[in-house]
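Next come the chains, spelled out residue by residue.
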Amino acid sequence: MAGEKILIVEDERAVSRGLEYALQDEGFEVFLAETGMEALETTRTAEPNLILLDLRLPDISGFDVCRTIRQEGRRQPILMLTALDEPVDKVLGLELGADDYVVKPYDLRELIARIRALLRRAYGDLSKASQGEKITFGNIVIDLEQLRVTQDGEPVYLTPTEFRLLRYITSRPNRPISRETLIEAVWGYDSDIGSDRTVDVHIRHLREKLEPDPAQPQWLLTVRGVGYKFQAPG
Ligand code: CA
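No experiment lies behind these values; they were computed from the predicted model shown. (Residues numbered from 1 in each chain as written. Predicted model: local features only at pLDDT ≥ 70, side-chain atom pairs only at ≥ 80, totals over all residues. Heavy atoms only, no water.)

Asker: Teacher, can you tell me more about the sheet that holds strand S10 (residues 177-178) here?
Answerer: Working definition: the strands of a sheet are paired by backbone hydrogen bonds and lie parallel or antiparallel to each other. With respect to topology, three strands assemble into an open sheet ordered S10-S12-S11, the strand pairing being antiparallel. Of all the strands in the sheet, the pair left with one neighbour each is S10 and strand S11 (220-223). Two strands pair when backbone bridges link them, and S10 and strand S12 (residues 227-230) are joined in this way by two bridges, in the antiparallel orientation. Note on S12: the bridge partner recorded for serine 178 is glycine 227. Here helix H6 (residues 160-170) sits on the sheet in contact with S10, S11 and S12, set at roughly 70 degrees to S12. (Pairing = 2+ DSSP bridges. Helix = DSSP H or I, 4+ residues; strand = E, 2+ residues; numbered from the N terminus. Contact = heavy atoms within 4.5 Å. Axes fitted to C-alpha atoms, helices over the stretch in contact; angles between N-to-C directions.)

Asker: Is there a simple way to explain the pairing of strand S7 (residues 140-143) in this structure?
Answerer: Regular strands have side chains that alternate between both faces of the sheet. Across four bridges, the pairing between strand S6 (residues 134-137) and S7 is antiparallel. Opposite lysine 134, over in S7, you have aspartate 143 as the bridge partner. Relative to strand S8 (residues 148-151), S7 runs antiparallel, the two sharing four bridges. Paired with isoleucine 140 across the bridge in S8 is glutamine 151.

Asker: Help me out: how do you make sense of the sheet that holds S7 in this one?
Answerer: With antiparallel pairing, four strands are arranged side by side in an open sheet as S6-S7-S8-S9. Of all the strands in the sheet, just S6 and strand S9 (154-156) have a single pairing partner and so form its edges. Pairs of neighbouring strands in the sheet enclose a mean axial angle of 25 degrees, with direction left out of account. Packing against the sheet, H6 makes contact with S6, S7 and S8, and its axis sits at approximately 105 degrees to S7.

Asker: Can you walk me through the coordination of the calcium ion in this structure?
Answerer: Any two of four tetrahedral donors ideally make an angle of 109.5 degrees at the metal, while pairs among six octahedral donors ideally make 90 or 180 degrees. All of the protein donors around the calcium ion are Asp11 (OD), Asp54 (OD) and Arg56 (O); their distances to the metal are 2.1 to 2.3 Å. Here the donor residues of the calcium ion share one chain and are spaced in sequence as D-x42-D-x1-R. (Donors = N, O, S within 2.8 Å, 3.2 Å for Na, K, Ca; no water.)

Asker: When you look at the layout of surface pockets in this model, what are you seeing that I'm missing?
Answerer: A probe as big as a water molecule, rolled over the atoms, marks out the empty space that is left. In this structure, the largest pocket spans a volume of roughly 200 Å³. Considering the residues around the largest pocket, the lining is formed by 16 residues, among which Arg70, Leu96, Gly97, Glu162 and Lys209 are closest to the centre. Secondary-structure elements contributing two or more residues to the lining of the largest pocket are helix H3 (62-71) and helix H8 (195-210). Each residue belonging to the lining of the largest pocket can be placed in one class, and the counts come to three nonpolar, five polar and eight charged. Each of two domains, domain 1 (5-126) and domain 2 (129-230), supplies a minimum of three residues to the lining of the largest pocket. (1 Å grid on protein atoms, 1.4 Å probe; cavity = no way out; pocket = protein on both sides within 12 Å on 5 of 7 lines; lining within 4 Å. Points joined across faces, edges and corners; volume = space filled by probe spheres on them. Nonpolar A, V, L, I, M, F, W, Y, C, P; charged D, E, K, R; others polar. Domains from an automatic or database assignment.)

These figures capture arrangement, not role.
Structure, rendered in structure tokens:
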């Protein structure tokens, strides 16, 4: 994975410089942005493989940056960094499309482990699916080789986390799967975020993107007291 591009969005130079050196040391190519607008511009031009996003920025907030990146259909993993330790902020970050959340002060080695896990999840083992394998339900086709989802032939933009969750759950049809199992399989490590809430938010996003009526899901069903299940057609 050497040479993957990481964008650090952080207005405190002392913080970003330390991160920059550490990541370059790990073989990553590092880009820096000090404002939210600069972050959006660099995301468009440099197309980083992963974005480290500070929440408190001088112009627009990290939340706004995250939302705009997703609205533009970009799917690279976003790891939010913040000094705030408010549960409400963590949930809001997830709502807006962040993949994970790290609270400052963080251990640098732990942060790098998170980055590697996110990159692996996004670009690594996802493509190990068998050639040409597809999962189809309703008007949805999940192409496991191309890592693409289409609805009536039109692309549906999922984040890597959403894609992984969808792939996992649809590969095990008609079987209740606990939130703990999903966290273990999809995230693969302990997140700072309460795991149940993390799963619920991502399932809701998938329903909003894929279900004809997200409030009355027909494929991604809630199994009360357990977790979720994919109701295969027919
Ligand atoms: Ca800041």
